[in-house]
Amino acid sequence: MTEQEFVDFFASVLDIDASSIDADTEFRYLDEWSSLTGLDIMMRLKSKYGKELSIPDFKASETIGDVYKVVFG
Amino acid sequence: MIEIKDKSLCCGCNACGDACPANAIRFEADEEGFLYPTVDKTICSGCGMCDKVCPVQAVSNRKQVDPSEAVSCFAVNHKNLEIRFDSTSGGMFSALAEEIYRKKGFVGGAIYNEDFSARHFISDEKADLARIRSSKYLQSDAQGFYRKVKDCCETGRPVLVCGTPCQISALKLYLGKDYSNLTTVDFICHSVASPKAHRKYFDYLEEVFGSKAVYFKAKNKELGWRSLTKKTIFANGRSHYGVRGKDCYSRAYHSGMIDRPSCYSCKFKGIARDSDITLADFWGAEKYAKELDDNVGTSAVIVHSEKGKSLFLSTSKRIIKKEVSIADIAKGNRPLTTVAAMPNYDRVQFFKDMDALRFDELSNKYFPIVAPRRRHPVLGTVYQIVRQLIKETSFNPKAILQFVKLNFLHPAIHTDWRSNALIYPTANCVFDIDKTASVIIKGPVRFGVKRIKGSKLETRLLVDPKGRLEFLGPARFGYGSDVEVFRNAHLTFGSDCGGNVALTVICGEKISIGSHTFWGREVSIRDTNGGHVIAMQGFKNTNPVIIGDFVWLCSECKIMTGVKIGDGTVVGSNSVVITPLPARVLVTGHPAQIIGTDIAWKH
């Protein structure tokens, strides 16, 4: 998965336009963000892509690019 | 050459020490624990730099502007709740600092040392922000800090410095020129307190808890911002919550007895400041920024300069703000313009006693907890009880009759009307309490509390023969609750717990629910399988349930037999808990899984 595809995936979970965000977006400051979205992303990463995202790794990530690096980097 | 003849003329900023080119100035703590400079005359060249940077001496040269026109004011919440929880106000300083770190700049402010004294510190590491944020309620040691700030400013990278108004004035004098990359933040300072008093408080706590303090937050939010709770965690895992008016340090600080002598004639009050931004708690947010106030903390922000404004505006993405007037902020923050008052006491004897007595003994001698005194203690209590009775029962005759029967005539129920330790039933409550049972009530217990007044939803309480039910303080049960204590079983509710509609508690042996524990709708807690037997080795019909303090049980969760839940844990909606849970975790699912650790929450 490329970084851009991951941004698109993020946008689809948040149900927002992918062009409104990029890898440098600090996703926790998006109005659409809620802490449950975080759980949703962790679960989808596991079920769709078989990728584990640990809570500490996720907490340490600030931008969408940070999450991408932790999961796919 | 600096010479302290009158202690009220030294604010303890330590700038003279940094300014001295010969390093001839040393600081020593006096018997009150405050640092004062002394000059080593054998190496002093008499250059006078120390006098030039002294903010108290320079005070007559300070800028005088028409204050009401010069400033713009805001109520601010940081959008990140974790940061707000960890901040003493609304997290404004963190938002400013995050912006500086993002531009690879330096952030400076007070941090705790290992012994919970404070010192000034500056770095470009974002990880240090958690130590710099939050007010520290004692004087910090700023020796060497001014020199470091100057070095940081010389790099050309952005610099953000927070300090008391006198420290910021000292910094400006020390730097001698206006660095365009330096932004300064001060706060509405009440006074700076004695580092010795602060340490004596920890000596006392460490003795009582038998362990070294490893964490301290002067304003913990778990009981709400306005509770001004001082939270200490000890190496042995125990924790102490000291609430306003009761906590010894809180009482000491607000007594005004541990302030630095110079604070009683502070020259740095007022709306006009040497800083670019002034921060504070927004006391009064409930009136002037209601939409921001959820008792987790809201910052008051006063922007003085263009530089301050541009940094403030750059944080827009991270904050929610509302423009307010300086008068709105000033009303709840008298120390903005008012100098701390010196109480009438023997200060010399007070600090002698501080050496001789443990801090709680000192507190009880000089600033005891004062109970509110009523003019007519008996009549006042009766009036309060009757008012509450009318409110709870809405004049329902059956409920009033139940109130009298349960509280004053039932042989098994032990109440105390003088401390309002009574059961208050609403209409549609059913009680079946055996005469041989034991019900102990130590605070007002509101039973069947209705949100929808006309509802006939029934609320039930059963205590079988020899059953024991204890309420250790105030408790609140929503309508539709069903609490059953079987024969010989023992059910305990801690102080100040309560919750929503339709709690079910089935106690067959022993259930203990901690203080400040809350439950949502249709929560079920049980320690018994009701006599049904599954042919499985180790099957137990009953197994005690222990729920800690400050636990939040969300709607429709189920706490099953043998479960123990640690303090501060949150059980998510619809979770089924079948295994013990540690302290301060967030769980969800069936069986309940830990999805967050070391969490903090507030009700």
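In this text the structure is predicted, and so the values were computed from the model without any measurement.

Turning to the overall build of chain A, a few remarks are in order. Secondary structure assignment for chain A yields four helices and zero strands. Counted from the first residue to the last, chain A has its helices and strands arranged as α-α-α-α. For 73 residues, the compact-globule formula gives about 11 Å, and the C-alpha radius of gyration of chain A, at 11 Å, lands near that figure. Along the three orthogonal principal directions, the C-alpha set of chain A runs to about 25 × 25 × 20 Å. When the 73 residues of chain A are sorted by exposure, 19% land in the buried category. Counting contacts in chain A only where the partners sit at least 6 residues apart, residues at least 24 apart contribute 45% of the total.

Now for the overall build of chain B. Counting its secondary structure elements, chain B contains 17 helices and 37 strands. Oriented by its inertia axes, the alpha-carbon framework of chain B measures out at about 90 × 50 × 50 Å. Within chain B, contacts between residues at least 6 apart in sequence are counted, and of these 56% link residues at least 24 apart.

At the interface, six residues of chain B touch four residues of chain A. In the side of chain B that touches chain A, the residues fall into one nonpolar, two polar and three charged.

This part is about the sheet that holds strand 18 (residues 438-441) of chain B. All names here are of chain B. Reading across from one edge, 15-18-21-24-27-30-33 is the order of the seven strands in this open sheet, with parallel pairing throughout. The open sheet has two edge strands with one neighbour each: strand 15 (413-414) and strand 33 (564-565). By the bridge criterion, three bridges tie strand 27 (residues 510-513) to strand 30 (residues 545-547) in an arrangement that is parallel. Following the sheet pairing, Ile513 is matched in strand 30 by Ile547.

A few words on the packing of helix 1 (residues 3-14) of chain A against helix 4 (residues 64-72) of chain A. Residue and element names in this part refer to chain A. In contact at an axis separation of 10 Å, helix 1 and helix 4 are set at 115° when each is read in the N-to-C sense. Classified by the interaxial angle, the pair formed by helix 1 and helix 4 is roughly perpendicular. Regarding helix 1 and helix 4, the two cross each other, and that crossing is right-handed. When helix 1 is examined against helix 4, the residues Glu3, Phe6, Val7 and Phe10 are found in contact with a partner set consisting of Ile64, Gly65, Tyr68 and Phe72. Residues belonging to the contact of helix 1 with helix 4 are distributed by class as follows: six nonpolar, one polar and one charged.

For the rest of this paragraph, the subject is the pairing of strand 20 (residues 459-463) of chain B. Residue and element names in this part refer to chain B. Burial along strand 20 is one-sided: the face carrying Thr459, Leu461 and Val463 is buried and the face carrying Arg460 and Leu462 is not. In this sheet, strand 20 lies alongside strand 17 (residues 429-433) in parallel orientation, the contact comprising five bridges. In the sheet register, Asp432 faces strand 20, and the bridge partner there is Leu462. As paired strands, strand 20 and strand 23 (residues 482-485) are joined by four bridges and run parallel to one another. Following the sheet pairing, Arg460 is matched in strand 23 by Asp482.

Below, the discussion takes up the nonpolar core. Residue and element names in this part refer to chain B. If you look at the biggest cluster of nonpolar residues, it comprises 97 residues, and the most contacted ones within it are Val53, Ala75 and Val301. Residues lining this core come from more than one domain, with at least three contributed by each of domain 1 (71-190 + 269-336) and domain 2 (195-258 + 343-370). Once you skip the residues sitting within four places of it in the chain, Val301 turns out to touch Cys73, Phe74, Val76, Met92, Ile277, Leu279 and Phe312. Membership of the second largest hydrophobic core comes to 59 residues, among which are Phe477, Leu503, Phe550 and Val587.

What follows is about the packing of helix 7 (residues 145-154) of chain B against helix 8 (residues 165-175) of chain B. All names here are of chain B. For the pair helix 7 and helix 8, interaxial distance at closest approach is 10 Å and the crossing angle is 60°. With respect to helix 8, the element helix 7 is oriented oblique. Between helix 7 and helix 8 lies a crossing whose hand is right-handed. Contacts between helix 7 and helix 8 involve Tyr146, Val149, Lys150 and Cys153 from the former and Leu171, Tyr174 and Leu175 from the latter.

It is worth spelling out helix 17 (residues 397-409) of chain B at this point. All names here are of chain B. With 13 residues, helix 17 should cover 18 Å at 1.5 Å per step; its first-to-last C-alpha distance of 17 Å lies within 8% of that length. The complete set of buried residues in helix 17 reads Ala399, Gln402, Phe403, Leu406 and Asn407. Projection of helix 17 onto a plane perpendicular to its axis shows the buried side chains occupying an angular sector of 105°, all on one side. The exposed residues of helix 17 that point more than 90 degrees off its buried face are Pro397, Lys398, Leu401, Val404, Phe408 and Leu409. In the core, the buried residues of helix 17 are packed alongside helix 16 (377-393), strand 15, strand 16 (423-425) and strand 17.

For any part of a model where pLDDT is low, the fine detail of the predicted coordinates should not be relied upon. On average, chain A scores 90 in pLDDT, and the residues at 70 or more come to 100%. Highest mean pLDDT in chain A belongs to helix 4 of chain A (93); lowest belongs to helix 3 (residues 55-60) of chain A (87).

Here we come to the sheet that holds strand 20 of chain B. Residue and element names in this part refer to chain B. Taken together, seven strands build an open sheet; the order of strands is 17-20-23-26-29-32-35 and the sheet is parallel. One side of each edge strand has no neighbouring strand; the edge strands of this open sheet are strand 17 and strand 35 (576-577). Relative to strand 29 (residues 524-526), strand 26 (residues 504-507) runs parallel, the two being bridged by three bridges. By the bridge assignment, Thr504 is partnered in strand 29 with Ser524.

Cut-offs used in this document
Residues numbered from 1 in each chain as written. Chains lettered and ligands numbered in written order. Predicted model: local features only at pLDDT ≥ 70, side-chain atom pairs only at ≥ 80, totals over all residues. Helix = DSSP H or I, 4+ residues; strand = E, 2+ residues; numbered from the N terminus. Rg over C-alpha atoms; globule rule 2.2 N^0.38 Å. Buried ≥ 20, exposed ≤ 12 C-beta atoms within 10 Å, placed from the backbone. Contact = placed C-beta atoms within 7 Å. Nonpolar A, V, L, I, M, F, W, Y, C, P; charged D, E, K, R; others polar. Pairing = 2+ DSSP bridges. Axes fitted to C-alpha atoms, helices over the stretch in contact; angles between N-to-C directions. Parallel < 35°, antiparallel > 145°, perpendicular 65-115°, else oblique. Left-handed = near helix turned anticlockwise from the far one by under 90°. Core = buried A, V, L, I, M, F, W, Y, C linked by C-beta atoms within 7 Å. Domains from an automatic or database assignment. Expected span 1.5 Å × (residues − 1). Arc of directions from axis to C-beta. pLDDT = per-residue confidence, 0-100.

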